[in-house]
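Listed below, chain by chain, are the residues.
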Amino acid sequence: MKIYIAGHRGMVGGAILRRLQARKDAGEALELITRTSSELDLTNQVAVAEFMQEQRPDQVILAAAKVGGILANNTYPGQFIYENLMIECNVIHQAYAAGVHRLLQLGSSCIYPKFADQPMREDALLTGTLEPTNEPYAVAKIAGIKLCESYNRQYGTDYRSVMPTNLYGPGDNFHPENSHVLPALIRRFHEAAQEGLDEVMIWGSGTPRREFLHVDDMAEASLFVADLDPEIYGANTQDMLSHINVGCGTDVSILELAQLVARVTGFKGEITTDPSKPDGTMKKLMDVSRLADMGWQASIGLEEGVAETYQWFLEQDSATIRAK
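Residues numbered from 1 in each chain as written. Predicted model: local features only at pLDDT ≥ 70, side-chain atom pairs only at ≥ 80, totals over all residues. Heavy atoms only, no water.

> Before we move on, could you go through helix α11 (residues 302-315) and cite the residues and values that matter?
Helix length check: α11 (14 residues) gives 20 Å between terminal C-alpha atoms against 20 Å at 1.5 Å per residue, within 8%. Among all positions in α11, only G305, V306, T309, Y310, W312 and F313 are buried. Across the axial projection of α11, the buried residues extend over an arc of 160°, all falling on one side. Exposed side of α11, more than 90 degrees from the buried face: E304 and E315 are the residues found there. (Helix = DSSP H or I, 4+ residues; strand = E, 2+ residues; numbered from the N terminus. Expected span 1.5 Å × (residues − 1). Buried < 20%, exposed > 50% of the residue type's maximum accessible area, 1.4 Å probe, protein only. Arc of directions from axis to C-beta.)

Written out as structure tokens, the structure reads:
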């Protein structure tokens, strides 16, 4: 089987690639296809069309996306909606045009309304107003779900979508301005501990609650869903409601998360909050009962996962970390 992994250098794509490579090393007949962004610009329709026609993979895993935290989403909304829409349209359509029957698209929990009932069920999609701070990104990811559903309905393809909660782990982006909350906290508390600072201030009130899933769990869940027998997958989805939530089913407050990161990094000072900064959605917890009923659940605890991620951070070259 020829599998194209789009976004293999990203945190999630890299974790999926590692698992597929392990399968290949164990004797499974797989041909794994990858391209860097410099080798293949996924926003370029002509380039993607030529690539798909040349390679004609049996399956596509779409893990490529432009991602970032609240600050990045607020600063670059045009880039976030344009690049993600173009990536999805090009990869999904050109996969279909090249005869690819199986495709797995990775999305985000931000697709759900700001005031969705908690925990968020798959059928909360399109039932309310989105969180303004990441609406452009969310609209693009919703479009990706509907692209897959529409192609399935019209062309009989088997294009599936998984919606992960907040992800973290080895390979994450630790940039001080463009990273998500957990890697940003790891970097800030690490630097504060190294410099002997007495205080670290975190954005917002610290009261919003978030769910976090280790990227290795996400990779495992993605391949679990991709490998499901069509009858099992179809029995747990609908034509117009085909995406699957992926999470661990528990959440923590941002302040509790900061306290955990402080323990892991050895920071001994005070943690303060800055309520003048945006909190975003106050609670985001995924209902993962559908995936659990199909036989999968997360296995990596948050403190264990953060400690592993921090160790990975420490092992990276300092210049590499600064560039991310």
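> Lay out unusual backbone geometry with the relevant residues and their values.
What is expected of a backbone is that most residues other than glycine have negative phi and most peptide bonds are trans. Q118 connects to P119 through a cis peptide bond whose omega is -10°. By the element assignment, P119 lies in the loop between β4 (102-106) and α5 (135-155). At R56, a position not held by glycine, the phi torsion is positive, near 45°. Examined against the element boundaries, R56 turns out to sit in the loop between α2 (45-55) and β3 (59-62). The backbone of L126 sits at a positive phi, close to 65°, despite the residue not being glycine. For L126, the position within the fold is in the loop between β4 and α5. In this structure L126 comes out as exposed when scored by relative accessible area, which is 57%.

> Can you tell me about the packing of aromatic side chains, naming the residues and giving the values?
For the structure shown, the criterion picks out nine aromatic pairs. Members of the aromatic cluster, each reached through a chain of ring pairs, are F174, Y310, W312 and F313. Sitting above the plane of the F80 ring, K66 keeps its charged end 5.3 Å from the centroid. Sitting above the plane of the Y233 ring, R160 keeps its charged end 4.3 Å from the centroid. (Phe/Tyr/Trp six-rings, centres within 6.5 Å; stacked < 30°, edge-to-face > 60°. Lys NZ or Arg CZ within 6 Å of the ring centre and 35° of its normal.)

> How would you sum up the sheet that holds β4? Please name residues and give values.
Taken together, the six strands give an open sheet; going across it, the order is β2-β1-β3-β4-β5-β10, and neighbouring strands pair in parallel fashion. Of all strands in the sheet, those with a lone pairing partner are β2 (31-33) and β10 (243-246), marking the two edges. Neighbouring strand axes in the sheet, compared pairwise and without regard to direction, differ in orientation by 20° on average. Summarising the sheet, β4 and strand β5 (residues 158-164) pair through five bridges and their orientation is parallel. In the strand pairing of β5, L106 is matched with V162. This element, helix α1 (residues 11-25), spans β1 (2-6), β2, β3 and β4 of the sheet and lies at about 160° to β1. (Pairing = 2+ DSSP bridges. Axes fitted to C-alpha atoms, helices over the stretch in contact; angles between N-to-C directions. Contact = heavy atoms within 4.5 Å.)

What is shown is where atoms sit, not what they do.
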